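# Close look at the chain arrangement
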Amino acid sequence: MGVRQIFRENLKYYRRQKGLSQEKLSEIIGFGETYITEIESREKFPKPETIDIIAQKLEVEPYKFFKPRSYEENEKLEEKKRFKDLINNLQGQVNGIFDVFCKTQNFI
């Protein structure tokens, strides 16, 4: 998959995340009402300055338009795994502290 296709798919993804139609986003960025449709349908590709405007209006870092979605999804999975590992580690520490407390209080 090429860079332009990745951009188009990510544009569509982030546009939908904001609940915007192609026409509405075109209006928001100040281009003709079919501009986003033309980008997503491979008729046009925006200039870097336009990508910056689109990113700003969608509240997305521009580089994210060029990052394959699978990478982003993998990052989220890694973040969840790190969080789960942290929770498990903390749970183990709490259990260890509880065991020590019980022994010192002659509960065990």
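Data block above holds the structure.
The rules behind each value
Residues numbered from 1 in each chain as written. Predicted model: local features only at pLDDT ≥ 70, side-chain atom pairs only at ≥ 80, totals over all residues. Heavy atoms only, no water. Axes fitted to C-alpha atoms, helices over the stretch in contact; angles between N-to-C directions. Helix = DSSP H or I, 4+ residues; strand = E, 2+ residues; numbered from the N terminus. Parallel < 35°, antiparallel > 145°, perpendicular 65-115°, else oblique. Left-handed = near helix turned anticlockwise from the far one by under 90°. Contact = heavy atoms within 4.5 Å. Nonpolar A, V, L, I, M, F, W, Y, C, P; charged D, E, K, R; others polar.

Put simply, helix α1 (residues 3–17) and helix α4 (residues 48–58) touch, their axes get as near as 10 Å, and they point 25 degrees apart. In this view, α1 runs roughly parallel relative to α4, as classed from their interaxial angle. Judged by the twist between their axes, the crossing of α1 over α4 is left-handed. For the pair α1 and α4, the contacting residues are Phe-7, Leu-11, Tyr-14 and Arg-15 in the first and Ile-51, Ile-54 and Leu-58 in the second. Its residues assigned to classes, the contact of α1 with α4 shows six nonpolar, no polar and one charged.

Mapping Phe-31 onto the fold places it in the loop between α2 (22–29) and α3 (35–40). Residues in contact with Phe-31, not counting those within four places in the same chain, are Ser-26 and Thr-50.

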